[in-house]
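Architecture and fold: a report
Residues per chain are reported as follows:
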Amino acid sequence: MTVSSRTQVGIVGAGPAGLLLSHLLALRGIDSIVVENRSRAYCEARQRAGLLEAGTTELLRTVGLGARMDAEGLEHGGIYLQFEGERHHLDFRDLTGGRWVTIYAQTEIVKDLIQARLAAGAAIEFEVSDTEVGALDTDQPVLRFTDSAGTRHEVTCDAIAGCDGFHGICRDSMPAGLVQVAERAYPYSWLGILATVPPSSDELVYSRHEKGFALLTMRTPQVSRLYLQVPADERIERWSDDRIWAELRHRLTVPGWELKDGPITEKAISPMRSFVASPMRYRRLFLAGDAAHIVPPTGAKGLNLALADVTALAKALTSLLSGGQAQAADAYSDTCLRRVWRATHFSWWMTSMLHVDPHADQFGATLQLSQLRYVTSSRAAATTLAENYTGYFALTWD
Ligand code: RFL
Ligand code: PHB
């Protein structure tokens, strides 16, 4: 038996994109359902991003999601860039006229969003299976799924948002031949750890070392997050905790500074990829976040892009569904892709400048060092990095 129902917007995926979209639509009086194939606990624990652009922080505050972020988030006014054994500070506030970034983990944003949505009585179905989207060539697309109790549902919608991440089903449900993909795989991965030890630095340290890139970041005043460049096909079993700390120490230490270590509570290897699918819309199916694009994490842009997409999408759907105005929906893909391509270039540039390319020759390595020296000595070059890192495009929600 299939249970039929209807809602205004069917949202596939309870990651940051799908959850924020549902929240923003509710602020405009638009009903939605969110379907998610993982459990609530899994969504709330999945370790991912940690760094928010200034505009993302302001948006979350404006829409009533800032309380815990303001209490627990860590504001940073810059970063350190390290190479050839020296650490250089980039002061974002000075370079950009006062902009900053905030450390507040994606896990915490997801927890805040799930709590806010459930408190508002929203429909979020966790642990669904066999999600499908159909009738996409009509103005009443349908969302089908089997709930955690085994009941099949068919929800008729006015629009569907594919917020189902890189491995979701929505992008591949668009008509064959419509979507163009631009893509780049990098010949290395990141090994990321979470460790119970106070961060050894007040701000993030991005280090280019001849043995490979390393990044020191953090989650709270008690918890550090660190990353190491490893070969693309690396296996996590080859990295004992002792080996990880020794390699981090080797790539991050500078005279007069020491890396503190502590118990590692989580470790995983993630591949690095740039990927942009366009257009991000077919009729009333809209893609947002990692479903449409991914960037390597060096520029810390993925989460920020996902939240920016759904801010544009919430506005477009409000005009379309409440005002009968299609202009913003028609412009949605182009609007998002302008920001996406800026972040794609920035993330590629940061990645290429800071990692050791196993295929590069002396020429490539010397160009990287020249670029790093330029960024840390020219105010114009430093400003380029700072304005992209803190968020180049404004994010507005009135
Ligand atoms: P998500 O978070 O992947 O959520 C998609 C959700 O859809 C569900 N899903 C389905 N549900 C129902 N039916 C189906 N058929 C489904 N298929 C999938 C999934 O279970 C999931 O819950 O995508 P979203 O919402 O677009 O959010 C994107 C962000 O998660 C991602 O861009 C960032 O985490 C990227 N990223 C970073 N971004 C930043 O802005 N700053 C950072 O500092 C940063 N660091 C990172 C990162 C990503 C990393 N990894 C692991 C890729 C660091 C790392 C290591
Ligand atoms: C993180 O805190 O996980 C993080 C921060 C900055 C990056 C990537 C990841 O560039």
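You'll find the structure just up there.
Notes on the structure in this doc start here. Model, not experiment: these values are computed from the prediction. (Residues numbered from 1 in each chain as written. Chains lettered and ligands numbered in written order. Predicted model: local features only at pLDDT ≥ 70, side-chain atom pairs only at ≥ 80, totals over all residues. Heavy atoms only, no water.)

1. A closer look at the overall build of the protein chain
Helix and strand counts for the protein chain stand at twelve helices and 21 strands. For 398 residues, the compact-globule estimate of 2.2 N^0.38 gives 21 Å, and the protein chain sits close to it at 21 Å. Over its C-alpha atoms, taken along the principal directions, the protein chain stretches across nearly 65 × 40 × 40 Å. Counting only residues that meet the buried cut, the protein chain has 55% of its 398 residues in that class. Long-range contacts, defined as pairs at least 24 residues apart, comprise 72% of the intrachain contacts of the protein chain with a sequence gap of at least 6. When the accessible area of the protein chain is evaluated, it comes to approximately 16700 Å², of which 50% is carbon and sulfur surface. Across the protein chain, the 39 positively charged side chains and the 46 negatively charged ones have centroids separated by 1 Å. (Helix = DSSP H or I, 4+ residues; strand = E, 2+ residues; numbered from the N terminus. Rg over C-alpha atoms; globule rule 2.2 N^0.38 Å. Buried < 20%, exposed > 50% of the residue type's maximum accessible area, 1.4 Å probe, protein only. Contact = heavy atoms within 4.5 Å. Areas by Shrake-Rupley, 256 points an atom, 1.4 Å probe, with all protein chains shown as cover. Lys, Arg positive; Asp, Glu negative; His and termini not counted. Charge placed at Lys NZ, Arg CZ, Asp CG, Glu CD.)

2. Some thoughts on the site of ligand 2
Close to ligand 2 lie Arg 48, Gly 50, Trp 190, Leu 204, Tyr 206, Leu 215, Thr 217, Arg 219, Tyr 227, Pro 297, Thr 298 and Ala 300. Tyr 206 is positioned such that a nitrogen or oxygen atom in its side chain is 2.7 Å from an oxygen atom of ligand 2. Contact between ligand 2 and Tyr 227: an oxygen atom at 2.7 Å from a side-chain N or O atom of the residue. Protein contact buries 97% of the 280 Å² of open area that ligand 2 shows by itself. Of the residues forming the shell around ligand 2, the biggest block, three residues, is contributed by strand β16 (residues 214–220). Class assignment for the residues of the shell around ligand 2 results in seven nonpolar, three polar and two charged. (Near = heavy atom within 4 Å. Polar contact = N/O pair within 3.5 Å; in protein donor to acceptor, adjacent residues only side chain to side chain. Nonpolar A, V, L, I, M, F, W, Y, C, P; charged D, E, K, R; others polar.)

3. What about the nonpolar core?
The tendency in soluble globular proteins is for nonpolar side chains to be buried side by side. Ranked by size, the top nonpolar core spans 70 residues in total, and within it Leu 20, Leu 21 and Leu 143 carry the most contacts. Examining the composition of this core, we find that 13 residues originate from one element, helix α9 (residues 302–323), more than from any other. Once residues lying within four places of it in the same chain are set aside, the contact partners of Leu 20 are Leu 59, Leu 60, Val 63, Leu 65, Leu 113, Leu 307, Val 310 and Thr 311. (Core = buried A, V, L, I, M, F, W, Y, C linked by side-chain atoms within 4.5 Å.)

4. Let's talk about the pattern of salt bridges
As enumerated under the stated definition, the model contains 24 salt bridges in all. Notably, a salt bridge pairs Lys 111 with Glu 108, separated by 3.0 Å at the nearest N-O pair. Highlighted residues: Lys 111 and Glu 108, both in helix α6 (residues 106–119), separated by three residues, approximately one helical turn. Overall, Lys 111 belongs to the partly exposed group, its relative accessible area being 31%. Here Glu 247 ties to Arg 251 by a salt bridge, and the two come within 2.9 Å at their closest N and O atoms. Linking Glu 247 with Arg 251, this pair stays in helix α8 (residues 241–252), spanning four residues, or about one helical turn. Side by side, Glu 247 and Arg 251 carry an identical accessibility label, which is buried. Three or more residues are tied together by salt bridges with common partners; here these are Arg 68, Glu 72, Glu 108, Lys 111 and Asp 112. (Salt bridge = Lys/Arg side-chain N within 4 Å of Asp/Glu carboxyl O.)

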